[in-house]
Amino acid sequence: MSGVQTIKVATEDAGQRLDRWLRRMFPQVPQGRIEKMCRKGECRVDGGRVKAATRLEAGQLVRIPPLPEPGIVPVNKPEPQVSDADDRMIRECVIFRDDHIIALNKPPGLATQGGSKQSRHVDGLSEALRFGLAEKPRLVHRLDKDTSGVLILARTRAAASGMTAAIRHRQTRKIYWAAVAGVPLPMRGVIKYALVKAPGHGSRGEGEKMICLHPKDTGTTPGAKRAETDYTVLTRAGGRTSWVALEPITGRTHQLRAHMAEIGHPIIGDGKYGGSGQENLGDGWGAQLGGDMSRKLHLHARMMRFEHPVTGKSTTIVAPLPEHMQQTWDTFQWHADDVPEDPFEEDA
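Please read all numbers here as calculations on a predicted model, not as lab measurements.

Remarks on the overall build of the chain
Moving on, step 1. What the chain contains, in helices and strands, is 7 helices and 16 strands.
Moving on, step 2. Evaluated residue by residue, the chain yields a buried proportion of 45% over its 348 residues.
Moving on, step 3. Counting contacts in the chain only where the partners sit at least 6 residues apart, residues at least 24 apart contribute 65% of the total.

The structure is reproduced here in structure tokens:
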């Protein structure tokens, strides 16, 4: 058993989660032990209590309690092997790659990370995205399971630190495309409802559903967080549905879905927020258009623009629509070439 240690966070480790940093420094220590050390206050950063998910900053001092000596690493469940079919699938999702980052066009229905009910996800399949490097690429942000589009992974710790910091400090631009019920009026605007997680969980609760609040109630509602979304209508199909571009100014869970539903124009195919069982008859409500068109969420992370974390160059990644959304676009004769890549550029 080692004694108490104090380690200074290196510049290249800035932005990493504390638990991941500890696992890399002390591979013999399991995740459960790390979380317990944080809960009991045995592991501290600059003298203060922290959570396992705390992001580290360069120069901080991490206090580490006595740990088992390295040697026999605890036996964990082996990582599931990526099947040949999944290997091909995830590699075909790559739309950009250099020595530092990889961009995927994530398909709808594929979770970004694992959970209690998710054994197949991008994080696990990224084992197939090493492309000659010793370590698999790291996730730097996430998309909802049913949302498709641009997803960035970092191939090195330095790239991960740079991308994480850029996203956290809102130095990236993300443009989403969606088909929504009805036509939002005004046709260009800003949604500023705060968001708070609904109470309850499981089959009888709301689960991960978010509730919208008036901004004035943010400070008096426990757990509420400010949220802001820019939207603009790109075109419409009569009064029944419209193609909108969305830019999340903040990055809250289900923000775009909850905001569009709150203003009366839920995203097509959104069973959680749009009432997928309620067919939209042209009155501006209901996430069902009828037939197969409405069976999948029509929300796509179309474009992401950022300063490359290593080269410093302005980088723009654009992801083609998934098949179910392209079919809808074809039905309404909507064409990507007819709209600007960044309809919010003047505002930016």
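Past the structure itself, the notes keep going.
Notes on the UniProt feature "active site" (unreviewed entry) in the chain
Moving on, step 1. UniProt's feature table lists "active site" (unreviewed entry) at Asp144, given in the numbering used throughout.
Moving on, step 2. Here Asp144 lies in the loop between strand 7 (138-139) and strand 8 (148-154).
Moving on, step 3. Apart from the residues within four sequence positions on either side, Asp144 is in contact with Lys106, His254 and Arg257.

Here we look at helix 2 (residues 31-39)
Moving on, step 1. Those residues of helix 2 not exposed but buried are Ile34, Met37 and Cys38. Down the axis of helix 2, the buried set is contained in an arc of 100°. They therefore lie on one face.
Moving on, step 2. Lining the buried residues of helix 2 we find helix 1 (18-25) and strand 3 (48-49).
Moving on, step 3. Positive phi appears at Gly41, one or two residues downstream of helix 2, with a value of about 80°.

Considerations on the sheet that holds strand 4 (residues 61-64)
Moving on, step 1. Taken in spatial order, the 4 strands make up an open sheet running 1-4-2-3, and their pairing is antiparallel. Of all the strands in the sheet, just strand 1 (5-8) and strand 3 have a single pairing partner and so form its edges.
Moving on, step 2. Where strand 2 (residues 44-45) lies against strand 4, 2 bridges are found, and the strand directions are antiparallel. Residue pairing across strands places Val45 opposite Val62, the latter belonging to strand 4.

A short note on unusual backbone geometry
Moving on, step 1. That bond from Leu185 to Pro186 is cis: its omega, 0°, falls within 30 degrees of zero.
Moving on, step 2. With respect to the secondary-structure elements, Pro186 resides in the loop between strand 9 (173-181) and strand 10 (188-191).
Moving on, step 3. A positive phi angle is found at Asp46, which is not glycine, with a value near 50°.
Moving on, step 4. Here Asp46 lies in the loop between strand 2 and strand 3.
Moving on, step 5. For Gln333, which is not glycine, the phi torsion reads 55° and is therefore positive.
Moving on, step 6. In this fold, Gln333 is placed in the segment after helix 7 (323-331).
Moving on, step 7. We classify Gln333 as exposed; its relative accessible area is 61%.

Description of the nonpolar core
In globular proteins that are soluble, nonpolar side chains generally tend to be buried together.
Moving on, step 1. By size, the foremost hydrophobic cluster in this structure holds 28 residues, and its most contacted members are Ile90, Leu104, Leu246 and Leu299.
Moving on, step 2. Per element, the largest residue contribution to this core is 3 residues, and it comes from strand 9.
Moving on, step 3. Leave out the neighbours within four places in its chain, and Leu246 touches Lys174, Ile175, Tyr176, Ala178, Thr229, Asp230, Tyr231, Leu256, Met260, Leu299 and Phe344.
Moving on, step 4. Counting residues in each nonpolar core, the second largest holds 18 residues, with Val29, Cys38, Ala52 and Leu67 among its members.

Considerations on the state of the cysteines
Each disulfide is one covalent bond, formed between the sulfur atoms of two cysteines.
Moving on, step 1. In total, this model carries 0 disulfides according to the counting rule given.
Moving on, step 2. Cys38 forms no disulfide, and the closest cysteine sulfur to it belongs to Cys43, at a distance of 4.7 Å.

Considerations on the environment of Ala237
Moving on, step 1. Here Ala237 is to be found in strand 13 (residues 229-237).
Moving on, step 2. Note: C-alpha distance between Ala237 and Thr331 (94 residues apart in sequence) is 10.0 Å.
Moving on, step 3. With near-sequence residues (within four places) excluded, Ala237 lies in contact with Phe332 and Trp334.

Notes on the pairing of strand 4
Moving on, step 1. Of the two faces of strand 4, the one lined by Val62 and Ile64 is fully buried and the one lined by Leu61 and Arg63 carries no buried residue.
Moving on, step 2. Here 4 bridges tie strand 1 to strand 4, and the two strands are oriented antiparallel to one another. When the bridges of strand 4 are listed, Ile7 appears paired with Val62.

Conventions adopted
- Residues numbered from 1 in each chain as written.
- Predicted model: local features only at pLDDT ≥ 70, side-chain atom pairs only at ≥ 80, totals over all residues.
- Heavy atoms only, no water.
- Helix = DSSP H or I, 4+ residues; strand = E, 2+ residues; numbered from the N terminus.
- Buried < 20%, exposed > 50% of the residue type's maximum accessible area, 1.4 Å probe, protein only.
- Contact = heavy atoms within 4.5 Å.
- UniProt positions renumbered as here; feature names shortened; annotations may be inferred.
- Arc of directions from axis to C-beta.
- Pairing = 2+ DSSP bridges.
- Core = buried A, V, L, I, M, F, W, Y, C linked by side-chain atoms within 4.5 Å.
- Disulfide = S-S within 2.5 Å.

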